[in-house]
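# Coordinate inspection notes
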Amino acid sequence: MGALHVLDGFTIQSHKGPYTVTFDERPLEELTSSLTGTRHFIVDANIARLYARELAAVLDRPTTVVIKATEENKSIHRIIPVIEALVTNRVRRDHALVAIGGGIIQDVTCFIASTLLRGLRWDFIPTTLLAQADSCIGSKSSVNLGEAKNILGTFNPPAAVHISTRFLDTLEDRDVRSGIGEIIKVHAIEGAAAYDKLAGHYDHLATDRTVLLGYIRDALLIKQRYIERDEYDKGVRNVFNYGHSFGHAIEAATHFGIPHGVAVTIGMDMANNIAAMRSLIPEQECLRMGQMLRKNYGDFRRLPIPLDPLLSALTKDKKNTSSALVLILPVGEPASIQRHEVQGDAVFRSQCVRFLEDLKA
Ligand SMILES: NC(=O)c1ccc[n+]([C@@H]2O[C@H](COP(=O)([O-])OP(=O)(O)OC[C@H]3O[C@@H](n4cnc5c(N)ncnc54)[C@H](O)[C@@H]3O)[C@@H](O)[C@H]2O)c1
């Protein structure tokens, strides 16, 4: 890797006090050995395999737990053996957990840290682009119960986040697109100027680490403004669900055959198109935003998305009221991302059908 300009970190205010985000490009041996105190590492199995040499000191510790990053392992039942391992390893209240992995390892560690011994410190070394640019801040943990994804959760921020883009070299293309999907979402929320600037750099994101690092930081700083005002997601933070109601439904309807941030990218395009069909935004706005979205989901548009499972998952979304679907849609020109209630009627169904047909065309 060439010389990378290391960016300044920052501090986030949360209900549990401030926590830090640092950009740290030191060798991974140094980064992990700089963590002090008694640590119990929870490490993604792919990271353990790909970074066996750099993380040897972590992996050799008898207390380190290595788990596969799968949605099944994010279920409440599969988390129990991890808790049992920590208890066997004599975890104590003044110890800390350290997650090394993407959003799945984050969710598992954050959830355990909020309940085990009534709360433990946890630190996070995010290894996916999605986790570095989005999920590492904001305090949420979400775990699955059977088919119900993310239905159990807590608000429990890490004590410190250490971002090293060294990890990104080994990410698969699908996971790079997934992370870029969340970066796009945050810039859409920021407004047309931020969105169009990102669109101008889109083709360099996967190839130019300095450009990417700048957008990771920008995405986190935009998100910071919302989570500091509304950490518990009861008001202004709701707009961060843009693309997510549709995205979660697409993930469920395709049995998670599509990475989270790519499903969100298709979900944003779906939200925009449905908004245009309902005259909430002019067609022109939908076209403006659609170009970058289509580039980012690429050939994933060919994956069949069955309508009935999609609509069924949409109606189960946590945000819905008893009488309406609560969606986050673009409104106006230039589009601003807003909460909007929609009746899940025959008109809405036909608009979903039209989008899915156009997607495959
Ligand atoms: N808590 C939150 O705020 C929040 C926010 C967004 C998403 N999520 C959750 O995060 C999960 C998705 O997370 P994700 O996209 O970060 O991915 P992930 O944790 O599912 O990992 C994706 C794949 O990348 C592999 N991987 C991780 N780091 C790697 C690296 N550096 N090199 C090569 N492979 C690597 C993993 O082993 C896995 O196979 C979903 O379960 C989603 O619900 C949580």
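Here we summarise the structure given alongside this text. Computed from a predicted model, the values in this text were never measured in an experiment. (Residues numbered from 1 in each chain as written. Predicted model: local features only at pLDDT ≥ 70, side-chain atom pairs only at ≥ 80, totals over all residues. Heavy atoms only, no water.)

## As for the packing of helix α4 (residues 76–88) against helix α5 (residues 103–115)
Between α4 and α5, whose axes approach to 11 Å, the crossing angle comes to 65°. Where α4 crosses over α5, the two elements pack in a sense that is right-handed. Listed contacts from α5 to Ile76, Ile79, Val82, Ile83 and Leu86 of α4 are Val108, Phe111 and Ile112. Split by residue class, the contact of α4 with α5 holds eight nonpolar, no polar and no charged. (Axes fitted to C-alpha atoms, helices over the stretch in contact; angles between N-to-C directions. Helix = DSSP H or I, 4+ residues; strand = E, 2+ residues; numbered from the N terminus. Left-handed = near helix turned anticlockwise from the far one by under 90°. Contact = heavy atoms within 4.5 Å. Nonpolar A, V, L, I, M, F, W, Y, C, P; charged D, E, K, R; others polar.)

## Side note on the pattern of salt bridges
All chains considered together, the criterion is met by 19 salt bridges. Its salt-bridge partner being Arg26, residue Asp24 comes within 2.8 Å of it at the nearest N-O pair. A relative accessible area of 33% means that Arg26 is categorised as partly exposed. The partner of Lys223 in a salt bridge is Asp134, with the nearest N and O atoms 3.2 Å apart. (Salt bridge = Lys/Arg side-chain N within 4 Å of Asp/Glu carboxyl O. Buried < 20%, exposed > 50% of the residue type's maximum accessible area, 1.4 Å probe, protein only.)

## Section: the side chain of Thr32
Residue position: Thr32 is located in helix α1 (residues 28–33). Residue classification places Thr32 among the buried positions, given a relative accessible area of 9%. Of the polar contacts made by the side chain of Thr32, one reaches the backbone oxygen of Glu29; its length is 3.2 Å. (Polar contact = N/O pair within 3.5 Å; in protein donor to acceptor, adjacent residues only side chain to side chain.)

## Observations regarding the site of the ligand
In the vicinity of the ligand, 24 residues are found, and the nearest of them are Glu71, Gly103, Asp107, Thr128 and Thr170. In this structure, an oxygen atom belonging to the ligand sits 2.8 Å away from a side-chain N or O atom of Asp44. In the environment of the ligand, an oxygen atom lies 3.5 Å from a nitrogen or oxygen atom belonging to the side chain of Asn150. Burial of the ligand by the protein chains amounts to 88% of its free accessible area of 860 Å². Looking at the shell around the ligand, the elements that each hand over two or more residues are α2 (45–50), α5, α6 (129–135) and β8 (148–155). In terms of residue count, α5 provides more of the shell around the ligand than any other element does, four residues in total. Split into classes, the residues belonging to the shell around the ligand amount to seven nonpolar, ten polar and seven charged. (Near = heavy atom within 4 Å. Areas by Shrake-Rupley, 256 points an atom, 1.4 Å probe, with all protein chains shown as cover.)

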